[in-house]
Amino acid sequence: MADSQRGHVSEDRRVIEALADLFDQIPPENALGAEQELTDTGLDPARVGERIARAVHDDGVDPAPRATPTSPRTVPRSFSRRPWLAAAALAAVLLFAVRTAIDQRSEEPPPRRMAAATGQRPEIPPVSADPQQLPDAREADAPRGLGAADAPDAARDEANSVVADVDDMNPPFTRVTGGATDLPEGSFVLDAANWKIGAALLPEPVLRRVRSGDYWYRVDQIDGDEFRENYPKSFWSDARANEGRFAVDDSTCGLIDLETEAVPVHLSGFPFPTIDAEDPTAGCRIAWNMRAADALGRGQESTLSIDGFDREGATKRLQLWSRDLHFLPDRVDEPENLRYVATRNVIEPTDVDGVAGLVQRINDATSPDKIWTYVPSTRRVRRTNPAARSEPIADLAIFIEDLGGFASKIESFEWQLIGEGETLAPIVANKPLSMAQVSDTRFEIAPPAIRAAYETPDSHGAPWLVVQGATMVPRPVWIVEGRPRDPEHKFGKVVFYIDREMYRIYWKFVHDRSGRYFYNAMFSYYWSQNTDGSQAAVIPAFIVGVDEATNRAAIAGRPAGSFVDSAFQRELFTLRTLTALSD
Amino acid sequence: MAIDSKIRRRLQRVDWRAIGVRLTAHAAWRAANLHWRRGDPLLLAAGKTAEDIAMEVIEKVLAGERRWEPERGELLPYLCGVADSLVSHLADSHDNRTYAELDPEVDYPGPPQVDAGASDTRRINDLRRLLRSERQTDLLEVIDAVTLHCDPTPKALADALRTSTADINNRLKRLRRRAMRMLNDAAPADEAGGTHG
């Protein structure tokens, strides 16, 4: 070998060694990274964990029980102080990332199906519209039914004995026969092979990903009457009793108790059990119904994670606990006149461990939310503008605004009903999960496991696609446009798909201040009740946020455990507690 | 060797399910990195998997053969250190075993003409080609920077490429995942070919 050639070869060895040195510096740093590594190696993380726990148990060492959500009473956390830069990282990345997201917007959405997302009433196609009217969905030469050349998975093809010609499908599900033994009658898998079926049920940005193979969904049918029983009878009877009791202020969207002609200090059940789509305040009324459902459990706490993704897979994980307390189902908190309070506390990664936030919402139509952020290393509490909810969380493709579906004060947005129809909604369970009573006021819930493609061996689709633990069901929805009143808010408008009966947000499409669409999010929930229905709650199960410009995504939620507490101590939601969290 | 009762109580409180996943992943990660460094897919002797290594580490600690001292650090980093040591030992013993199995009395025709240097060149070229075809220019930049003698640290790369260390770490994770997938995809062909030469 010539000397020059030999030198070139040893140079390649040096590069390999240098890359190896670099790879050695990035070990799997948390549970998410570990699961990704195992999945890449072809191992199922859950099976590995079970096998080792069992082996240790056999060895005479009883494994510890699964982790339960952080509770102020049972699991006090000790927070160590971190370097200033590391601890402030969360806030810094928030500021940086939203600009990146907005600067790198995707192209304008196509005019027809995205009309629902763009929110211009004349262009909003009813989502249950005749497929004949959906040219972009129909013009493509899509594969038809079984045996399509690009069908992504033969097994699912077999499960999909779907007549793919959508021309005469109304509703499409009645034509699905369900050829597989593991799918009940009427259920099927919607994927690239039969994507046209979704044309009438999915917003365009989502449908596009089904068509490309990024997404596939198992679609099931549910009994609407049974699904409504997710809310207890008392909630429905309160809602019926509210008929005619409330109104909204045209200019502020403030809720008004018609008897006192003032802001109500108590609210149970939907304030507006009947919505008149022609009413110009219908959008605001729908938003209030949504908020009444949020408040159902009064107080709740979950330990949740936020996982970030790019096309290659998972990139980072945050863990935090979140505690909320709504006063309206009982009575507004006096003397501060608060209708809602919340605290959030980051647990992982360690460099932002202890970064915490406190929200206090005054029970009027005009006061902005009071938000404080605490950074343990500086031991400083800073007041934050509520518009900061439009910042991404830790540079991930998800926003503080997404937490709980809609995090802001209802009155801080202008609302307009722009359409109605039917959409596919991600559902964890069609019946309420049971609650285990652990004290006079506290009930624990064990949520089912939700798994995404990146952590599921032999799965396919985008890494962030939820593939286990949830299913899609057709649900009637209102399509509502919300516009933030605060010019500091980064969102120009948001189009929500909200269940017409349950008032849960299933989809959200976000446009920036220049009117360009750049982000969508999907929301799922689980309802829970105790045995006699006297205690109930609806808790966010997961949120999948997708930044269309950068093709990055995030899954938030998937709580390891949750509990509902109807009598959280008020002191848990004070500035003193916020600063004490890291002591 | 008996394990201290206090330590045993501590170990009883451990979430072995979670620790097991983290430890197995660490072993898999270490083995994969050695695979990249040495280009040898048969890294772990006796067909041991990452799970086997994790189990072995835990067994050693539970049996007191390896003594974890809580006051000197948390359990997981300690277990990962033991796993590192085991993986290195297995890799070395595999190398040693290869030589030990040769019978000095036999007149072998000579070892296969493995040109390690050519294998390295091919590996780097393949990786570059793959990244180019996928238009992963930000990952190519990392390789270019390393080729231009940038120090192999995320900080130095971040300075060289005028980006953040977090971004470099993210790129390295993606680059590593791509490189490992390429190695794994190539492994059967290599084995069929018999050599890397």
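Please refer to the structure higher up on the page.
So, here's what we can say about the structure. (Residues numbered from 1 in each chain as written. Chains lettered and ligands numbered in written order. Predicted model: local features only at pLDDT ≥ 70, side-chain atom pairs only at ≥ 80, totals over all residues. Heavy atoms only, no water.)

Some points on the overall build of chain B
Looking only at helices and strands, chain B has 8 helices and 0 strands in total. What you see in chain B, going N to C, is helices and strands ordered as α-α-α-α-α-α-α-α. Within chain B, buried positions represent 44% of all 197 residues. The contacts in chain B between residues at least 6 apart in sequence include a share of 68% that link residues at least 24 apart. Surface accessibility of chain B: about 10,400 Å² in total, with carbon and sulfur atoms responsible for 51%. (Helix = DSSP H or I, 4+ residues; strand = E, 2+ residues; numbered from the N terminus. Buried < 20%, exposed > 50% of the residue type's maximum accessible area, 1.4 Å probe, protein only. Contact = heavy atoms within 4.5 Å. Areas by Shrake-Rupley, 256 points an atom, 1.4 Å probe, with all protein chains shown as cover.)

With respect to the pattern of salt bridges
For the structure on display, the rule yields 56 salt bridges over all chains. Close ionic contact of A:Glu17 with A:Arg13 constitutes a salt bridge, the shortest N to O distance being 2.7 Å. With A:Glu17 and A:Arg13 both in helix H1 (residues 3-24) and 4 residues apart, the pair spans about one turn of that helix. A residue is classified by how much of its surface remains accessible, and A:Arg13, at 24% relative accessible area, is partly exposed. Across the pair A:Arg389 and A:Asp369 runs a salt bridge, and its minimum N-O distance is 3.0 Å. Taken together, the residues span a long stretch of sequence, with A:Arg389 in the loop between strand S10 (380-384) and strand S11 (413-427) and A:Asp369 in the loop between strand S8 (356-362) and strand S9 (370-375) at a distance of 20 residues. Each member of the pair, A:Arg389 as well as A:Asp369, carries the same accessibility label: buried. Ionic contacts of the salt-bridge type, sharing partners, join the residues A:Arg13, A:Glu17, A:Asp21, A:Asp24, B:Arg30, B:Arg37, B:Asp84, B:Asp120 and B:Arg123 into one network. (Salt bridge = Lys/Arg side-chain N within 4 Å of Asp/Glu carboxyl O.)

Focus: unusual backbone geometry
Most peptide bonds adopt trans geometry, and most residues besides glycine take a negative phi value. Residues and elements named next belong to chain A. Geometrically, the link from Glu334 to Pro335 is a cis peptide bond, its omega value of 10° lying close to zero. Mapping Pro335 onto the fold places it in the loop between strand S6 (313-326) and strand S7 (338-348). Cis peptide bonds are those with omega within 30 degrees of zero, and the linkage from Glu348 to Pro349 qualifies with 5°. Summarising the element assignment, Pro349 is placed in the loop between S7 and S8. In this structure, Asn337 is a non-glycine residue whose phi angle is positive, near 60°. For Asn337, the position within the fold is in the loop between S6 and S7. On the basis of relative accessibility, which here comes to 23%, the residue Asn337 falls in the partly exposed class.

Describing the state of the cysteines
One way to say it: the disulfide is the covalent bond shared by the sulfur atoms of two cysteines. Residues and elements named next belong to chain A. Counted by the stated rule, this structure contains 1 disulfide over all chains. Bridging Cys253 to Cys284, the disulfide has an S-S length of 2.0 Å. Taking the torsion about the S-S bond as the criterion, the Cys253 to Cys284 disulfide, at about 100°, is right-handed. Here the residue Cys253 occupies a position in the loop between strand S3 (246-248) and strand S4 (255-257), and Cys284 occupies one in helix H12 (residues 282-294), the gap between them amounting to 31 residues. Looking at Cys253, the relative accessible area reads 3%, which means it is buried. (Disulfide = S-S within 2.5 Å.)

A look at the packing of aromatic side chains
Inspection of every chain in the model, using the stated rule, returns 28 aromatic pairs over all chains. Joined through ring pairs, the aromatic side chains of A:Phe227, A:Tyr231, A:Phe235, A:Trp236, A:Phe270, A:Tyr503, A:Tyr525 and A:Trp527 make up one cluster. Over the ring of A:Tyr525 we find A:Arg504; its NZ or CZ atom is 4.9 Å from the centre of that ring. Seen from the ring of B:Trp36, B:Arg123 lies directly overhead, with NZ or CZ sitting 4.9 Å from the centre. (Phe/Tyr/Trp six-rings, centres within 6.5 Å; stacked < 30°, edge-to-face > 60°. Lys NZ or Arg CZ within 6 Å of the ring centre and 35° of its normal.)

Some thoughts on the interface of chain A and chain B
Counting from both sides, the interface comprises 54 residues of chain A and, opposite them, 54 residues of chain B. The tally of links between chain A and chain B comes to 12 salt bridges. Notably, a salt bridge pairs A:Arg47 with B:Glu51, separated by 3.1 Å at the nearest N-O pair. Across the chain A-chain B interface, the total number found is 24 residue pairs in polar contact (both at pLDDT 80 or more). Here the element with the most residues in the side of chain A that touches chain B is H1(A); it accounts for 16 residues. Here the residues of the side of chain A that touches chain B are counted per class, giving 26 nonpolar, 9 polar and 19 charged. (Polar contact = N/O pair within 3.5 Å; in protein donor to acceptor, adjacent residues only side chain to side chain. Nonpolar A, V, L, I, M, F, W, Y, C, P; charged D, E, K, R; others polar.)

Focus: the packing of helix H2 (residues 16-38) of chain B against helix H3 (residues 50-62) of chain B
All names here are of chain B. Following both chains from N to C, one finds H2 and H3 inclined at 125°, their axes separated by 8 Å at the closest point. By the angle between their axes, H2 is oblique relative to H3. Seen from above, H2 lies across H3 with right-handed handedness. Seen from H2, the contacting residues are Trp16, Leu23, Thr24, Ala27 and Ala28; seen from H3, they are Ala50, Glu51, Ile53, Ala54, Val57, Ile58 and Leu62. Residues of the contact of H2 with H3, tallied by class, amount to 10 nonpolar, 1 polar and 1 charged. (Axes fitted to C-alpha atoms, helices over the stretch in contact; angles between N-to-C directions. Parallel < 35°, antiparallel > 145°, perpendicular 65-115°, else oblique. Left-handed = near helix turned anticlockwise from the far one by under 90°.)

A look at H2(B)
Residue and element names in this part refer to chain B. With 23 residues, H2 extends 32 Å between its outermost C-alpha atoms, agreeing within 8% with the 33 Å of an ideal straight helix rising 1.5 Å per residue. Taking burial as the measure, the 23 residues of H2 include 19 buried ones, the bulk of the element. Downstream of H2 by a residue or two, Gly39 has a phi angle that is positive, lying close to 70°. (Expected span 1.5 Å × (residues − 1).)

Some points on the nonpolar core
A:Tyr217, A:Tyr231, A:Ile306, A:Trp415 and A:Trp507 are the most contacted members of the largest nonpolar core, which has 116 residues in total. Residue contacts for A:Tyr231: discarding those within four places in its chain leaves A:Trp236, A:Phe270, A:Ala293, A:Leu296, A:Met502, A:Arg504, A:Trp527, A:Gln529 and A:Val538. Counting residues in hydrophobic clusters, the runner-up holds 36 residues, among them A:Val48, B:Ala28, B:Leu75 and B:Cys80. (Core = buried A, V, L, I, M, F, W, Y, C linked by side-chain atoms within 4.5 Å.)

Observations regarding the environment of A:Trp415
Residues and elements named next belong to chain A. Relative to the assigned elements, Trp415 resides in strand S11. Setting aside anything within four residues of it in sequence, one finds Trp415 in contact with Cys253, Gly283, Cys284, Ala287, Met290, Phe406, Ile410, Val480, Glu481, Gly482 and Phe496. Among the polar contacts listed, one links the side chain of Trp415 to the backbone oxygen of Ile410, at a separation of 2.9 Å. In terms of polar contacts, Trp415 uses its side chain to reach the backbone carbonyl oxygen of Phe413, at 3.5 Å.

What to know about the environment of A:Leu403
Residues and elements named next belong to chain A. You can see Leu403 is positioned in the loop between S10 and S11. Separated by 140 residues in sequence, Leu403 and Ile543 place their C-alpha atoms 8.0 Å apart. Setting aside chain neighbours within four positions, we find Leu403 in contact with Arg344, Ile393 and Ile543.

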